[in-house]
Amino acid sequence: MMSRPEKNGKVAQPSRYAYRLTIEYDGSRYAGWQEQRQVRTVAGELRRALSEVLADPTLDLGGAGRTDAGVHALGQVAHLRTVTRLDPDELRHRVNDALPSDICVFDVAPAPLSFHARHDAIARYYLYQIALRRMAFAKKYIWWVRDRLDVEKMRAAAEVLRGFHDFTAFSQKGPVDHSLTRDEQARTESKLVDVHELTVNLRPGMMVVRIGASHFLWRMVRRIVGALVAVGAGKLTVEDIRLALRRAQPNETIAQLTAPASGLFLEKVEYPRELVEPQPVDVLARLGLPAEREAMVQKYRSEPKRRSPPRPARPGRP
């Protein structure tokens, strides 16, 4: 879309339109969300597809969370600003046609021009899946832990980590995001994080850790999960977790316990006036994996059958 001169001789800027995109992806083949040179990333693939559809070299794209290499997303949010106007459903269909099969934009909605996926977010939620048995179909989406885990000890350690703390011991200095201003970079690197939710839930053959916080440091979720698993396996104590948190210093023991990326999902991003479901998403059921279906079938078979109530007689029949 070309700019045109106004009556006073100044060049009028083309109108811009904003959209909010909600995206799911399998991060197995990507070097994370953030665009990088010479490596394949989710945001890079999304920008390529959007540029192809919108024919707008000036489009502005930004995500709510920078997922690491190999990490998946069920509800990543991105803002899009462009000079090209399209119906949201048409934009969604056309972009998905241009994307690889392991990235899907499942919702597009008009947004104010001021909407910023990262700045406007008030919380982010991650899920981590731990398999308690060997699974044939879910290897890209779980961490199989062979040790027997004490879930009550893990929950006790999670209680210690919940709240507003310095998470230096559970993080690592990450790569610099050159798209951020100096103030934004300082906020991103702040080790003080408000973890308002950290739960350990049991499902058939699975353990799911859910963590919600104001923001996350690099490797923070994976190191928290690794530390919780070590507590459950008896390799660390709840007091070890308390001391590491209190000292607020890099901790080599916890760094060595970092959980693999495969089991981690960005579940959802929370914005003002939007409710977040209290129960975490059932990832394997959403993916339709046989392991979860088998568990549901076994659960159904073990439940007592209920008798159906008698059907009411039709008018005119006894």
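Residues numbered from 1 in each chain as written. Predicted model: local features only at pLDDT ≥ 70, side-chain atom pairs only at ≥ 80, totals over all residues. Heavy atoms only, no water.

### A word on the overall build of the chain
Across its full length, the chain holds nine helices and twelve strands. The burial tally for the chain puts 46% of its 318 residues in the buried class. In the chain, of all internal contacts separated by at least 6 residues, the share reaching a separation of at least 24 is 75%. Roughly 18000 Å² of accessible area belongs to the chain as shown, and the carbon and sulfur atoms make up 51% of that amount. (Helix = DSSP H or I, 4+ residues; strand = E, 2+ residues; numbered from the N terminus. Buried < 20%, exposed > 50% of the residue type's maximum accessible area, 1.4 Å probe, protein only. Contact = heavy atoms within 4.5 Å. Areas by Shrake-Rupley, 256 points an atom, 1.4 Å probe, with all protein chains shown as cover.)

### Structural notes on the environment of serine 51
Mapped onto the fold, serine 51 is located in helix α1 (residues 42-54). The exposure class of serine 51 is partly exposed, given its relative accessible area of 32%. In the structure, serine 51 is positioned 47 residues away from alanine 98 in sequence and 9.9 Å away in space, judged by C-alpha atoms.

### Some details on α1
For α1, with 13 residues, the first-to-last C-alpha span of 18 Å sits near the 18 Å given by 1.5 Å per residue. Those residues of α1 hidden inside the fold are in contact with β3 (17-25), β4 (60-63), β5 (72-82), α2 (88-98) and β6 (103-111). With a side-chain oxygen positioned 3.0 Å from the backbone nitrogen of glycine 44, the residue opening α1 is threonine 41. Immediately beyond the C-terminal end of α1, within one or two residues, lies alanine 55, with a positive phi of roughly 50 degrees. (Expected span 1.5 Å × (residues − 1). Polar contact = N/O pair within 3.5 Å; in protein donor to acceptor, adjacent residues only side chain to side chain.)

### Structural notes on the environment of leucine 50
Looking at the secondary structure, you find leucine 50 in helix α1. Judged by relative accessible area, which is 0%, leucine 50 ranks as buried. C-alpha separation for the pair leucine 50 and arginine 94, spaced 44 residues apart in sequence, amounts to 8.7 Å. With sequence-adjacent residues up to four places away left out, leucine 50 is seen in contact with Leu21, Ala55, Leu59, Leu61, Leu80, Leu91 and Val95.

### Re the nonpolar core
If you look at the biggest cluster of nonpolar residues, it comprises 69 residues, and the most contacted ones within it are Leu21, Leu46, Leu50, Leu91, Phe167, Phe170 and Leu228. No other element matches the nine residues that helix α5 (residues 220-232) contributes to this core. Not counting residues up to four positions away in its chain, the partners in contact with leucine 228 are Met154, Ala157, Ala158, Leu161, Leu198, Val200 and Val209. (Core = buried A, V, L, I, M, F, W, Y, C linked by side-chain atoms within 4.5 Å.)

### Regarding the pairing of β5
With eleven of its eleven residues buried, β5 lies for the most part within the structure. Sheet topology places β3 next to β5; eight bridges connect them, and they run antiparallel. By the bridge assignment, tyrosine 25 is partnered in β5 with alanine 73. Bridge count for β4 against β5 is four bridges, and the pairing is antiparallel. (Pairing = 2+ DSSP bridges.)

### Let's talk about the pattern of salt bridges
Pairs can form between side chains of opposite charge once their charged atoms are near each other. All told, the structure shown has 20 salt bridges when counted by the stated rule. Between glutamate 274 and arginine 20 there is a salt bridge, with the nearest N and O atoms lying 2.8 Å from each other. On the criterion of sequence distance, the pair formed by glutamate 274 in the loop between β12 (264-270) and α8 (283-287) and arginine 20 in strand β3 is long-range, its members being 254 residues apart. Judged by relative accessible area, which is 31%, glutamate 274 ranks as partly exposed. One network of salt bridges, with partners in common, ties together Arg40, Glu45, Arg48 and Glu52. (Salt bridge = Lys/Arg side-chain N within 4 Å of Asp/Glu carboxyl O.)

### Observations concerning the side chain of glutamate 45
With respect to the helices and strands, the residue glutamate 45 is situated in helix α1. A polar contact is formed between the side chain of glutamate 45 and the side chain of arginine 40, at a distance of 3.3 Å. Not counting residues up to four positions away in its chain, the partners in contact with glutamate 45 are Tyr30, Arg40, Leu99, Pro100 and Ile103.

### Thoughts on the packing of helix α3 (residues 151-161) against helix α6 (residues 238-247)
Where α3 meets α6, the closest approach of the two axes is 9 Å, and the angle between their N-to-C directions is 15 degrees. In terms of orientation, α3 lies roughly parallel with respect to α6. Here the hand of the crossing between α3 and α6 comes out right-handed. For the pair α3 and α6, contact is made by Lys153, Ala156, Ala157, Val160 and Leu161 and by Val238, Ile241, Arg242 and Leu245, respectively. For the contact of α3 with α6, the per-class residue count stands at seven nonpolar, no polar and two charged. (Axes fitted to C-alpha atoms, helices over the stretch in contact; angles between N-to-C directions. Parallel < 35°, antiparallel > 145°, perpendicular 65-115°, else oblique. Left-handed = near helix turned anticlockwise from the far one by under 90°. Nonpolar A, V, L, I, M, F, W, Y, C, P; charged D, E, K, R; others polar.)

### Overview of α5
Given a rise of 1.5 Å per residue, 13 residues ought to cover 18 Å, and the 18 Å separating the end C-alpha atoms of α5 matches this to within 8%. Just downstream of α5, glycine 234 is the residue with a positive phi angle, here 85 degrees.

### Considerations on the side chain of serine 171
Turning to its location among the elements, serine 171 is positioned in the loop between β9 (163-166) and α4 (182-189). With sequence-adjacent residues up to four places away left out, serine 171 is seen in contact with Lys191, Leu217, Trp218 and Arg223.

### A look at the packing of aromatic side chains
A full pass over the atoms with the stated rule returns six aromatic pairs. For the pair tyrosine 25 and tryptophan 33, a centre-to-centre distance of 6.2 Å together with 25 degrees between the ring planes defines the contact as stacked. Here tyrosine 25 matches tryptophan 33 in class, with each residue buried. Ring geometry for tyrosine 128 and tryptophan 143: centres 6.2 Å apart, planes at 90 degrees, overall edge-to-face. With tyrosine 128 in strand β7 (residues 123-131) and tryptophan 143 in strand β8 (residues 143-144), this residue pair connects regions lying 15 residues apart in the sequence. Residue classification places tyrosine 128 among the buried positions, given a relative accessible area of 0%. Its guanidinium or amino end placed over the ring of tryptophan 218, arginine 219 lies 4.3 Å from that ring's centre, counting from NZ or CZ. In this structure, arginine 286 is placed above the aromatic ring of phenylalanine 106, and the distance from its NZ or CZ to the ring centre is 5.6 Å. (Phe/Tyr/Trp six-rings, centres within 6.5 Å; stacked < 30°, edge-to-face > 60°. Lys NZ or Arg CZ within 6 Å of the ring centre and 35° of its normal.)

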